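Take a look at the letters that make up each chain.
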Amino acid sequence: MSLFISFEGPDGSGKSLQMDLLVKDLTAKGLDVLALREPGGTAIGEDIRSVLLDPAHKEMDPVTEAYLYAASRAQLVRQRIRPALEKGTIVLLDRFIDSSLVYQGIARGLGTDTVEKINRYAVDGLMPDATFLVYIDYEEGLRRKKHQEGHSLDRLEQEKDRFYRKVNEGYRSLKDLSPGRVRLIDGAGSIDQVHSLIWSQMQDLLSQKGLLP
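In this report, we go over the structure that sits alongside the text.

Rules behind the numbers
- Residues numbered from 1 in each chain as written.
- Predicted model: local features only at pLDDT ≥ 70, side-chain atom pairs only at ≥ 80, totals over all residues.
- Heavy atoms only, no water.
- Helix = DSSP H or I, 4+ residues; strand = E, 2+ residues; numbered from the N terminus.
- Buried < 20%, exposed > 50% of the residue type's maximum accessible area, 1.4 Å probe, protein only.
- Pairing = 2+ DSSP bridges.
- Contact = heavy atoms within 4.5 Å.
- Core = buried A, V, L, I, M, F, W, Y, C linked by side-chain atoms within 4.5 Å.

The omega angle of the peptide bond from Glu38 to Pro39 is -15°, so this bond is cis rather than trans. Locating Pro39 in the fold gives a position in the loop between strand 2 (33–37) and helix 2 (43–53). With phi around 80°, Arg95 is a residue other than glycine that occupies positive phi space. One non-glycine residue, Asp124, adopts positive backbone phi at about 55°. With respect to the helices and strands, the residue Asp124 is situated in the loop between helix 5 (112–120) and strand 4 (130–135).

Dropping the structure here:
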């Protein structure tokens, strides 16, 4: 029995750190875990990631951006995610189709219906069993980003304040778009507090799938 979990959240939410902590917990219990990120996760996907995030590509059109994310996603699903799930591996993914719905559909203004159609064939019908949406408000995310030292901003991170306010608004509405799958996690607490919230829900998912040792 396999399990597919994605992590979502605005910049500064700490979702990537929380995913890393969850990987350690699951591995400590002897479970087979594969952790991946988007865009990327394959050689082709990492090349696409370089194009997408390169600050030199400021002229990139939102439609081009949406299709590049979908292309990386298509390769990842077919090359790594689906084969791992077929072997019974627990797959944890840092961002998936929800990021495109928020960033390209809402913040870029393409519309969630349009972005969903672009990605429908890319994901080949595959969706996560659950999505942990680690949410913080815009001001807190901005404060956290300012405290990150030695980090050069990529193309998306260089977007204006208005864009990221739309991203946060998009994430606030994400749970309403997929209420049965998206699990809202309050990311405002300490690292340990947020991790405890996620681990509690993860244990329920593992029990439902019969994966607890």
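From this point, the discussion proceeds with the structure in view.
This paragraph deals with the pairing of strand 4. By the criterion of burial, strand 4 is predominantly enclosed, with six of the six residues buried. The alternating pattern of strand 4 places Ala130, Phe132 and Val134 on one face and Thr131, Leu133 and Tyr135 on the opposite face, and all of these are buried. Examined bridge by bridge, strand 1 (residues 3–8) and strand 4 share four bridges and lie parallel to one another. Across the sheet, the residue bridging to Ser6 is Thr131, located in strand 4. Looking at chain direction, strand 4 and strand 5 (residues 182–186) are connected through five bridges and run parallel. Looking at the pairing, Phe132 lines up with Arg183 of strand 5.

Here we take up the environment of Ala107. Along the chain, the position of Ala107 falls in helix 4 (residues 97–107). Using a relative accessible area of 8% as the deciding quantity, one classes Ala107 as buried. Measuring from C-alpha to C-alpha, the distance between Ala107 and Arg165 comes to 8.3 Å, with 58 residues separating the pair along the chain. With sequence-adjacent residues up to four places away left out, Ala107 is seen in contact with Val102, Phe163, Lys166 and Val167.

Attention now goes to the nonpolar core. Among the nonpolar cores identified, the biggest contains 21 residues, and Ile5, Leu22, Leu26, Ile90, Phe132, Met202 and Leu206 are the most heavily contacted of them. Elements supplying a minimum of two residues to this core: strand 1, helix 1 (15–28), strand 3 (90–94), strand 4 and helix 8 (191–209). Setting aside chain neighbours within four positions, we find Leu206 in contact with Leu3, Leu26, Leu31, Ile90, Trp199, Leu211 and Leu212.

That is the geometry; function is a separate question.
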